[in-house]
Every structure is written in C-alpha cells, then in structure tokens.
Amino acid sequence: MNKVLIPLSTTNIIAMKTMKIFFGLLLVAANMGMVNAQSLFDNYAEKDEVTSVVISENMFRLFANMQLVVDDQEAQDFIDIAKNVKGLRVLTTSDETIANQLKRDAFAYAKERKFIELLVIKDKGSSVYFYVEEGRGEARIKELLMLVSELSEIKEISVNGRKFETVLLSLTGDLDMEKIGALANKMNLPEELGEINKAKRQ
Amino acid sequence: MSFLSILGSGLLVLLVSSCEPKMTLQRYFLSAQENPEFSLIEVPVSLLGPVSENLNAEQQQTLASVKKVSVLLYRNPEKVDFIANQQVIINEFLASDGFEPLFFAKMKREAQATVMIRGDVNQIDEAVFFGYADDQGFILARILGNQMNPAAFMQLAESLEETNLEALTEGVLKQVLGETEL
C-alpha cells in the first residue's frame, strides 16, 4: 500500500482553477438554455402596453389562512389548492404586435418544456389553450399554462366596441386539476380557467 | 494617463455613490414629511385604547401586535413627471429593502398596486401597500407591528359587533381629522 502524497504544486492549482472555470461556464450555459416561466413573463410585464398581475406563494398561503368559514366544498377545495400554489402570473394585452409575439413565445415555451396540450377550446371567436406539465400522481400538475386569444379574422369586426385581449396565465405548484375551478371562482380569475374541468371528461 | 483618469473618475463615482445614504421606506417617509405637497396620516394604535376594553385577552393581543399605521399620500394631477419619477424611486427601494412581494399588479403604464411584507406570512412585522395612478398621484401605506397574524385580524373584525366597529372608526376619524385641522 503506497500512499502517494500529491504536493499542491502550481500545476495542480492551475488544473483546479481550470476545472472551476469549466464548471462555472457549464452552469452559465445551462442557465441560458433553460427558459423559465419567470423570464417569459418578466419580459412582457415590463412593457407599457401590457397589464400584469403576479401573486406569490405567500399570498396564496394568506388566502388559505384567511378562509375562516369553511361551509362548502368549494371553500375546502380552494384551501386545498391555495396551500399548494407556488405562484400565479397573468399577462393581458390588447396590442396586436405584442399579442402575436406573446402567443409565439408561449407556444415555444410549452414546446421546449415538453408540456402536454390538454385542451383547446374555440368558441365565440376566441381560442383557449391549456398546456400542462404533469406532476407526481394522477391529475396532478406542476405548471398550468393558459392562453386566451381571439381569432384574427373576427378581430376585423369589432363587436360593440369591445376590446379584444390576449391573456397568458401561468399557475405553478403541486396542483390538483379538479380543484382549479374553485380557485378561478374564488379569486375572480379569467372564467376560462374553469374550463379545465372539461378536460377530465374527455 | 487616460487610463488613470478613467480609474480615478471611476473611484470618485464609487466614493460619491457610497457616501449617499441608500433610500429606504423609512427615509422616504421622513423626507416626504418635510414636503408640504405630501399628506401624512399616522395612526398610533394607542388611539384604539377605549375600544380594546371590550375585547377578550386574545383579541387584545391581536390588536396589540400592531404598533403604527402610516399613510402617505401624494395627489397632484399637474405633476405627472414628478409622480412617474417617484414611482421609479419607490419601486427601487421596495425591491432592495428586504421586503417580500405578496402581490404585484400593473395596468399598462397607468396604474400599479403592490403589497409587500417583512416576516412570515402568519407573523408579519411590516406590511407595505403602494398604489399608483400616473395621472393622479400615489399612496404609500405602511403597517408596523410585531408578528401580526392576518387571520387573527379577520377573526377580530368578524367578532366585533357593528356598534363596536362604528365607535372604533369614529374615534379614529375624530383623532385624525382633529389632528390635521390643528
């Protein structure tokens, strides 16, 4: 058994430093390649023509704690899901250029992260897309991405001066799909979110 | 020569910027107090003394967890540039002052609403609300306390009978209005 003591020579130090730099670069490269929901949303939130809402994990915990009277299933569902939400982000815009870009980026994001297209609803001139990242267990999801956009050919005919809007919503956490409807109702979220329940029946 | 001068000016900038105290929520409130265009409403919780006599121990404890409520208001539709400028300053120090965002909403460039806290969500030590409208002004509200529990406040509000609540608001309003009239 020969014990070889390696002296901390200059060559070793150089090798260690090279390794460090190499791993550092690797880390940077990995970060750059990964698109996350935060950067997707932050990019658009800053724009002047965009309306943005961000609700943090703690706010959801607060909502769950403040639900004092639990007298129906919906209230209970709301508490169950609110406790497991990591965050909610919503972007809304009626600027056509930004809306188109947002749509492209959202689809690209869903594709890159290998989200599953859960449901597409085309109704009253608007389309609603649901993409999910599956979580552990049945009917559990890690991220839900919802895109609401109006069909461009309908846009030419402005109905009663109503403003057409494109909405992108992301909900992250450990979510029970069946309870997302309760969240939409209690928090005044876009009503289209409740449509996710339809996906179960399909 | 030119390298040295760049280095020199760089050092100078560093020195000057580090000498200037960093803006914080506290400093902002203090400096705004000196500006007559701002209105400041401060409600020390001791004002609620007469109401708290009717509360049980738990409710009194809840009430006692709040130390001070301060509301800073700026409203002047003519000073749009100033308002926009303040929005940048306020957002900057809120982001760097150790607050955790609970809620952030902005409507295009027209309006903003932000809620931030310091402490755990069930034991809040400080809460800030910032509301902004680009053509009107802004409001900055700060609640200072010690491990405030929002759920306990909900319970307190529910248990307070209407008459109690009326007396409370009336008492506070009288004090606040009385103070501002003086």
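Only a predicted model underlies this, so the values are computations on that prediction, with no experimental measurement involved.

Novice: Which parts of the structure should I look at to understand the overall build of chain A?
Specialist: A tally of helices and strands in chain A yields 8 helices and 6 strands. Its helices and strands taken in sequence order, chain A reads α-α-β-α-α-β-α-β-β-β-α-β-α-α from the N to the C terminus. Taking all 202 residues of chain A together, the buried fraction comes to 31%. For chain A, restricting intrachain contacts to residue pairs at least 6 apart in sequence, the fraction spanning at least 24 positions comes to 61%.

Novice: Mind showing me how you'd approach the overall build of chain B here?
Specialist: Check the secondary structure of chain B and you find 7 helices and 6 strands. Taken from the N to the C terminus, the helices and strands of chain B come in the order α-α-β-α-α-β-α-β-β-β-β-α-α. Residues classed as buried in chain B amount to 14% of the 182 residues present. In chain B, once contacts between residues fewer than 6 apart in sequence are set aside, the share between residues at least 24 apart is 59%.

Novice: So what exactly am I meant to see when it comes to the packing of helix 3 (residues 57-66) of chain A against helix 6 (residues 150-159) of chain B here?
Specialist: When two helices pack together, you describe them by how their axes are tilted relative to each other and by the distance separating the axes. For the pair helix 3 of chain A and helix 6 of chain B, interaxial distance at closest approach is 9 Å and the crossing angle is 35 degrees. The element helix 3 of chain A and its partner helix 6 of chain B pack so that their crossing is right-handed. Between helix 3 of chain A, through Leu62, Asn65 and Met66 of chain A, and helix 6 of chain B, the contact on the second element is made entirely by Pro150, Ala151 and Met154 of chain B.

Novice: How do you make sense of the pairing of strand 5 (residues 123-133) of chain B when you look at a structure like this?
Specialist: Each regular strand carries side chains that alternate between the two faces of the sheet. Residues and elements named next belong to chain B. Across 10 bridges, strand 4 (residues 111-120) lies against strand 5 in antiparallel orientation. Within the sheet, the bridge partner assigned to Thr114 lies in strand 5 and is Phe130. Connecting the antiparallel pair strand 4 and strand 5 is a turn made up of 2 residues. Across 9 bridges, strand 5 lies against strand 6 (residues 137-148) in antiparallel orientation. The partner of Val128 across the bridge, within strand 6, is Arg142. What sits between strand 5 and strand 6 in their antiparallel hairpin is a turn of 3 residues.

Novice: Explain the confidence of the model for chain A here, please?
Specialist: Atomic detail in the predicted coordinates should be set aside for any region of low pLDDT. Here chain A averages 79 in pLDDT, and 73% of its residues register 70 or above. Helix 6 (residues 152-155) of chain A is the least confidently modelled element of chain A, averaging 51 in pLDDT, while strand 1 (residues 50-56) of chain A averages 94, the highest of any element.

Novice: Just to check I follow, could you spell out unusual backbone geometry for this structure?
Specialist: Comment: phi is negative for the bulk of residues other than glycine, and the bulk of peptide bonds are trans. Residue and element names in this part refer to chain B. Backbone geometry places Lys108, a non-glycine residue, at a positive phi of 45 degrees. Structurally, Lys108 is set in the loop between strand 3 (100-107) and strand 4. Classification of Lys108 by C-beta neighbours within 10 Å gives partly exposed; the count is 17.

Novice: Mind showing me how you'd approach the nonpolar core here?
Specialist: Generally speaking, nonpolar side chains in soluble globular proteins are found buried as a group. Counting residues in each nonpolar core, the largest one holds 67 residues, and the members touching the most others are Leu144, Met146 and Ile180 of chain A. Ranked by the residues each element gives to this core, the list is headed by strand 5 (residues 140-150) of chain A, at 6 residues.

Novice: How do you make sense of the interface of chain B and chain A when you look at a structure like this?
Specialist: Put simply, an interface is often sized by how much accessible area is lost when its parts join up. Facing the 17 residues of chain B at the interface are 16 residues of chain A. Within the residue set of the side of chain B that touches chain A, elements represented by two or more residues are strand 3 and helix 6 of chain B. Top element by residues in the side of chain B that touches chain A is strand 3 of chain B. It accounts for 8 residues. Per-class residue counts for the side of chain B that touches chain A are 10 nonpolar, 2 polar and 5 charged.

Thresholds applied
- Residues numbered from 1 in each chain as written.
- Chains lettered and ligands numbered in written order.
- Predicted model: local features only at pLDDT ≥ 70, side-chain atom pairs only at ≥ 80, totals over all residues.
- Helix = DSSP H or I, 4+ residues; strand = E, 2+ residues; numbered from the N terminus.
- Buried ≥ 20, exposed ≤ 12 C-beta atoms within 10 Å, placed from the backbone.
- Contact = placed C-beta atoms within 7 Å.
- Axes fitted to C-alpha atoms, helices over the stretch in contact; angles between N-to-C directions.
- Left-handed = near helix turned anticlockwise from the far one by under 90°.
- Pairing = 2+ DSSP bridges.
- pLDDT = per-residue confidence, 0-100.
- Core = buried A, V, L, I, M, F, W, Y, C linked by C-beta atoms within 7 Å.
- Nonpolar A, V, L, I, M, F, W, Y, C, P; charged D, E, K, R; others polar.

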